[in-house]
Amino acid sequence: MDTAHRRMEIISILSARGHTTMRELAWELEVSRRTIMNDVIALSFDYPVYTKPGEGGGVFITENYKPYTNTLTLTEQKTLCGLYDKAEGKEKEILFRIIRKYGADKLKI
């Protein structure tokens, strides 16, 4: 994934969740935390992205920033969770990312 696509993925993730940590973004996007930090700095010039240190901190996007709705319906969430329960290895990891990205934190898996 190139830099531009990774940064758009960060915006997409933040739009769905509202906030996350640099560690989670680095894990999901398979880059270093330093790379995520550089991405967030670059994104903050064009998007309402900011960081907050300490407990409960992380990377945030303002609540009112919703360029599009990218959430799953309840049926889609349940279907993906069923597939997640049966999946193994890399497939399970990818399904987890999809559920977290589009289902946000509505689901407990």
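The rules behind the values
- Residues numbered from 1 in each chain as written.
- Predicted model: local features only at pLDDT ≥ 70, side-chain atom pairs only at ≥ 80, totals over all residues.
- Heavy atoms only, no water.
- Pairing = 2+ DSSP bridges.
- Helix = DSSP H or I, 4+ residues; strand = E, 2+ residues; numbered from the N terminus.
- Contact = heavy atoms within 4.5 Å.
- Axes fitted to C-alpha atoms, helices over the stretch in contact; angles between N-to-C directions.
- Polar contact = N/O pair within 3.5 Å; in protein donor to acceptor, adjacent residues only side chain to side chain.
- Core = buried A, V, L, I, M, F, W, Y, C linked by side-chain atoms within 4.5 Å.
- Buried < 20%, exposed > 50% of the residue type's maximum accessible area, 1.4 Å probe, protein only.
- 1 Å grid on protein atoms, 1.4 Å probe; cavity = no way out; pocket = protein on both sides within 12 Å on 5 of 7 lines; lining within 4 Å.
- Points joined across faces, edges and corners; volume = space filled by probe spheres on them.
- Nonpolar A, V, L, I, M, F, W, Y, C, P; charged D, E, K, R; others polar.

Engineer: Where do I start with the sheet that holds strand β1 (residues 19-20) in this structure?
Structural biologist: In a beta sheet, neighbouring strands are held together by backbone hydrogen bonds and run either parallel or antiparallel to one another. On the basis of which strands lie adjacent, the open sheet formed by three strands has the order β1-β3-β2 and antiparallel pairing. The sheet is open, and its two edges are formed by β1 and β2 (49-52), each paired on a single side. Bridge analysis of β1 against strand β3 (residues 58-61) gives two bridges, and the strand direction is antiparallel. Note on β3: the bridge partner recorded for T20 is V59. The sheet contacts of helix α1 (residues 3-17) involve β1, β2 and β3, and relative to β3 the element is tilted by about 80°.

Engineer: Would you take a moment to explain the side chain of R97 for this structure?
Structural biologist: Tracing the chain through its elements places R97 in helix α5 (residues 89-102). A polar contact is formed between the side chain of R97 and the backbone oxygen of W27, at a distance of 3.3 Å. Once you skip the residues sitting within four places of it in the chain, R97 turns out to touch W27, E28 and E30.

Engineer: For this particular structure, what's the right way to read the pairing of β2?
Structural biologist: Remark: a regular strand shows side chains that alternate across the two faces of the sheet. Pairing of β2 with β3, which is carried by four bridges, proceeds in the antiparallel orientation. In the sheet register, Y50 faces β3, and the bridge partner there is F60. Between β2 and β3, which pair antiparallel and follow one another directly, the connecting turn spans five residues, one of which, G54, has a positive phi of 85°.

Engineer: How should I be thinking about the nonpolar core in this particular structure?
Structural biologist: When a protein is soluble and globular, its nonpolar side chains tend to lie buried together. Formed by 13 residues in total, the largest nonpolar core has its most connected members in I10, L14, L25, I36, V49 and V59. Elements supplying a minimum of two residues to this core: α1, α2 (22-29), α3 (33-43) and β3. Considering every element that reaches this core, the biggest residue donor is α1, with four residues. If sequence neighbours within four positions are ignored, I10 has contacts with L25, L29, I36, D39 and L43. Counting residues in each nonpolar core, the second largest holds seven residues, with L72, C81, Y84 and I99 among its members.

Engineer: Please clarify how the layout of surface pockets should be interpreted in this entry.
Structural biologist: The method is simple in principle: a probe with the dimensions of a water molecule rolls over the atoms, and the space it marks as empty is what remains. Considering only enclosed or pocket space, the largest pocket measures out at about 180 Å³ in volume. As for the largest pocket, its lining consists of M1, E9, I13, E28, L29, E30, I94, R97, I98 and K101. When residues in the lining of the largest pocket are grouped by element, the largest group, four residues, is from α5. For the lining of the largest pocket, the per-class residue count stands at five nonpolar, no polar and five charged.

Engineer: Hey, could you run me through the environment of L80 in this one?
Structural biologist: Among the secondary structure elements, L80 is positioned in helix α4 (residues 74-86). On the accessibility criterion, L80 (15% relative accessible area) is buried. The spacing of L80 and F96 is 16 residues in sequence and 8.8 Å in space, taken between C-alpha atoms.

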